[in-house]
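Notes for the structure review
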Amino acid sequence: MNKSYIAPKIALKKLKSARSLPQNVYLYGATGYGKTELVRQFLSGRKYAYLSCEELPWEDVSPHDRIVVIDDLHRLKSEERREEILALAEREDVWLVLISRSPVPSWLLPRYVQGGFIVISESDLRLGRGEITGYLESLGIDYTEEDIRYLQETAEGNAYALHHVALRMKEGLHPGPALRDEIWDAFANYLENVVLVGWDSDLLEFLMQISVVDAFTPELAAMISGNLHVAALLERAAEAGNFLTQEDGVYRLRPVLVQALRNRALKVYGTERFKDFQYNAALYYEMHNETVPALRLFEECGKTERIKNLLIHNARMNPGNGHYYELRRYYFGLDEQEIEDSPVLMAGMSMLYSMLMDREKSEYWYEKLKTFATAAKGGVRREAQSRLAYLDIGLPHRGSRDVLEVMKRIPALLFDKGNKLPEFSVTSNLPSTMNGGKDFCHWSPNDTVLAKTVGPLVERVLGRYGKGLTKAALGESYYEKGEDNYKVVALLTQAQMETERGGMLEIAFAAVGIRVRLAVLQGDLQAAQELLDSFRRAVKERHVTQLLPNMQAMRCRLALYKGDIDAAARWLKTAPDEDVEFCSMERYRYLTKVRCYLARGEHIKAQALIEKLRYYGEQTGRAYIRMETGLLSAITKERMGGPWQEEFREVLKEAEHFRFLRLITEEGAAVWPLLQKEKKALLEGGALDKKWLLRLLTETEEMARRYPLYLKKRGATTADFHPTALQVLRLQADGLSVNQIAQRLGLKPDNVRYHTKENYRKLNVSHKADAILAARSLGLI
C-alpha cells in the first residue's frame, strides 16, 4: 500500500456512500489515476476477495465473501466470466467493486441502467489542489504558488505523474516545461512497454497507424489505415481504456498515448512506412479542403512539391475562410520569383502583410500585382485585375473610407468585361457587419439613405457574399442607435432568410449575433442562448466550422452576464494566446478575453491586451474598436484606482457623435459605477446631447439591475480554500506568527507562507489585517 497516496475527496465520498447504502461500484479511469490504490486504502482492515482479469483463471468466489473487488475489467473477454460478474451483481449479500480503465462496457449497461452501480469516473479520481498540496506536505517537499498552479494545469490530476514530479522535486527541481516533458516522456515509455503490449495485435496496429493525426473521423481513419472495420475497432478501443473521446463524430486519443503509439509505430514500421500513413492523411485533408493539416503532413512526409499548389488554393479564399495567418511560415518560405509568377500568390501576400499590419510590404506586393496586370494578357490579366479590385476593397490597413468609390468602379472594371470578384469576406467571421472585415461606423449616420442608394450596388458587386448584407447592416446600425426593436428584428430576420437563398452563413451569423444581443438587452438570456444554439446546429450541419470559435466566444459572453466565472475559465483555456503572437483575425475573441480578465480581477492582463487591440484599431482606422477598447480601458483603470475620467469622456463623446448607445449600455454593471461618478458633471457640462445621455443612463442602469454579476469578481467561498489554508487564516486571526503556525500545524514555514500568499490572492488583499477582515466578512473564519 502506498501510504503517501491521498485519496481524492469526491471519489472517497462516493465510495463511502456506496458502502453505506450498500450499492455496487463501477470505478474507471486511465492508467495512473490510482484506481486500485483508492480501493485498497478504503478497504484497509476489512476482509475482501480481490480478483484481477489479468490473472485468469480465477479461483471461485467463496460463499462467505461479502466484499468482492474485480480489477482490470477492461481486459475481460470471457462470456462465462461476464455472466458470473452479472450474477454477483444481483446478490444482495455481496458488495461488488469493479475497477476498469474504460467507461461502463456495453455488456454491463443493462445492469447499470437499472441502477445497479454507483459510477466513480476519472474526473472523480483526479487529484485537486488540496490533495496535491497535502501529498507534497506529507513527503516534506517545499513548494511555491507557481509550482501548484503549474501542476494543476498540466498534470491533469494524475497520481502517477504527480508521484514522479514529487520524486524530482525532492532532488531540487521545480515543475516547469522541462520537467513536464521528462515526466510525460517517462509516462509514454511506460504505456508503450507495459500497457500497449497487452492489447490485441490488430487493435494496436490500427491505433499506431492513425496516430499520425491528433484527431480523426472514421472516414479519415479508413483512409490512413486502409482498414474496412474501423467502426468495430473504435468500439473495441473505447472498451480497452479511457483514452478515446468522441465529439460530433471526431475522435481524439490522449496526447501521451499518441506519443507512445508514434514511438512504437516508428519501431515497428520504420520511418518510410510511417511517412506513407502521413501521406494518406495529407491526401484526405487536401481532398476535404483542410489546408493547414494537409500542408503540415506533406512537409513532414517529404512531399514538398505539393505545398505551393496548396498555398495558391488557400490564397484564393478570403481571410475569413482561408488560413493566411496559420500558414504564414509557408508563405514566407516561398522564393520571391515563385510569388511573382502567380497573381493569386501576390494578392495573398499583400493581404497577409496587411493583416500583420505591415503596410509597406502589403503595398509592395500590391504594386507588383499592378505591374503584372499591365503586362499580362487574356485570362491571366482578368485574374490579376479581379485580385486588384478585391484588394482595393479588402486590405485591412486601408480602412473603409474609399470603399464606396471603389465599388462604384467595379461593374465597369470587371463585370462588363466578363470578370468576377474573388471570394470576399464582409464580416471576417465576426457577428457584425459594421465592425467585421472593415469598420463602417461612418456609414451609420446616413444608414437608411445608403441602404436604398448603395445597397443594391454593394450586393451586386459582392454576389452571393452580399446576400442579406444590406438588411443585416441596417438592422445592426438601428440596433446600435437604439431605434425601434421591431424594425431591428424584422430587418435581421429578413437578412437571415436572404442568406438561406444561396448566400453565406457568415452574414447570417452577423444577423443572429445582433438578435442575441437584443435578447440580452431585453433581459431574456435563455432566448439568447437558444437562438445561438439553434444557429450553431445549422453551422455544424453545413460544416462552416470557421464560425465556431467566435460563436463559442459569444457563448462565453452570455455566461459572463450570469456571473458564471467557471464557464469563463473553461473558455479561456481554449482562447488564443495574445502573448505568443497577436493575430488581428482573433480580435472578437481577444475582446472576450478582456472581459474574462476583468471578471477574474486580472486587471494588468486586461489592460495589456486592451493596449494591443487599441494599437490595431489605430493602425487600421477602426472607430468601433477605438471606442470599445477605450471603454474597457476606463473600466479597468477605475478598478485599479488609476486616472480614467478623461478617457471615458472621450469614448462617450465619440459614441454620441455616431448616436451609438448599445456599445456602452451593454456593459451594464461594469460601466454603471463610472457613469454614477460622472453623472452630475456630464448632465451639467452640456458637451453631450441631453436626450441621448439620459437614455444612456436609464438603459445602462436597467442592464446593471438585470445582470448585477456581469464582470463582477466573485467573492471567495470556503470551497476555494484548502482546509490547511483556512487553519492558517484562523491562527493568523488569533495573532500567531508564521513560525508559531508552522509549529502548531506541523508544517514548514515556507509552506505556511505559501498558504498565506494564496489566501491573500483569493481574498484580493495585500496584508494580514485586510485578509482577516475580508475572511470574517465572508464567513470563512
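We now turn to the structure provided with this report. All figures in this text were calculated on a predicted structure; none of them were measured in a lab.

So, the nonpolar core
Counting 229 residues, the largest nonpolar core has F216 and L462 as its most contacted members. A per-element tally of this core places helix α13 (residues 255-287) first, with 13 residues. Aside from chain neighbours lying at most four places away, what touches F216 is I210, A221, L234, L244, G249, V250, Y251 and L253. Formed by 20 residues, the second largest nonpolar core is a distinct cluster that contains A89, V94, V104 and W107.

Concerning the sheet that holds strand β5 (residues 117-120)
Strand order in the open sheet formed by five strands is β2-β3-β4-β1-β5, with parallel pairing between adjacent strands. Here the strands that pair on one side only, and so sit at the sheet edges, are β2 (49-52) and β5. Neighbour to neighbour, the strand axes of the sheet diverge by 15 degrees on average, direction disregarded. With four bridges joining them, strand β1 (residues 24-28) and β5 adopt parallel strand pairing. Bridge assignment links L27 to a residue of β5, and that residue is I120. Where helix α1 (residues 9-20) meets the sheet, its contacts fall on β1, β3 (67-71), β4 (95-100) and β5, and the angle it forms with β5 comes to roughly 170 degrees. The strands touched by helix α2 (residues 35-42) are β1, β2, β3 and β4; relative to β4, the strand with the most contacts, the crossing angle is about 155 degrees.

Considering the pattern of salt bridges
The tally for this structure, following the rule as stated, stands at 56 salt bridges. For E656, the salt bridge is made with R659, and the minimal N-O distance between the two is 3.1 Å. For E656, a relative accessible area of 15% corresponds to the buried category. The class for R659 is partly exposed, based on a relative accessible area of 34%. One continuous salt-bridge network, built from bridges that share partners, spans R129, R149, E758 and R761.

Observations concerning the environment of A315
Relative to the helices and strands, A315 resides in helix α15 (residues 307-315). In this structure, the C-alpha to C-alpha distance between A315 and R614, residues 299 residues apart in sequence, is 28 Å. The contacts of A315, once residues within four sequence positions are left out, are Y324, Y331, V344, G348 and R387.

Some words on the side chain of D392
Within the secondary structure layout, D392 lies in helix α20 (residues 378-394). One polar contact links D392 to R398, side chain to side chain, over a distance of 3.0 Å. Discounting chain neighbours no more than four positions away, the residues touching D392 are Y366, R398 and V406.

Remarks on helix α8 (residues 159-170)
In an α-helix, one turn spans 3.6 residues; hence positions three or four apart end up facing the same way. Between its first and last C-alpha atoms α8 spans 16 Å; for 12 residues at 1.5 Å apiece the expected length is 16 Å, and the two agree. As for α8, its buried residues are in contact with α6 (129-138), α7 (145-154) and α9 (177-195). Capping of α8 at its N-terminal end is provided by N158; its side-chain oxygen lies 2.9 Å from the backbone amide nitrogen of Y160. Phi for G172, located one or two positions after α8, is positive at around 105 degrees.

Thoughts on the pairing of strand β7 (residues 244-247)
Summarising the sheet, β7 and strand β8 (residues 250-253) pair through four bridges and their orientation is antiparallel. Each residue of the ladder has a partner; that of Q246, found in β8, is Y251. Between β7 and β8, which pair antiparallel and follow one another directly, the connecting turn spans two residues, one of which, D248, has a positive phi of 55 degrees.

Definitions and cut-offs
Residues numbered from 1 in each chain as written. Predicted model: local features only at pLDDT ≥ 70, side-chain atom pairs only at ≥ 80, totals over all residues. Heavy atoms only, no water. Core = buried A, V, L, I, M, F, W, Y, C linked by side-chain atoms within 4.5 Å. Buried < 20%, exposed > 50% of the residue type's maximum accessible area, 1.4 Å probe, protein only. Helix = DSSP H or I, 4+ residues; strand = E, 2+ residues; numbered from the N terminus. Contact = heavy atoms within 4.5 Å. Pairing = 2+ DSSP bridges. Axes fitted to C-alpha atoms, helices over the stretch in contact; angles between N-to-C directions. Salt bridge = Lys/Arg side-chain N within 4 Å of Asp/Glu carboxyl O. Polar contact = N/O pair within 3.5 Å; in protein donor to acceptor, adjacent residues only side chain to side chain. Expected span 1.5 Å × (residues − 1).

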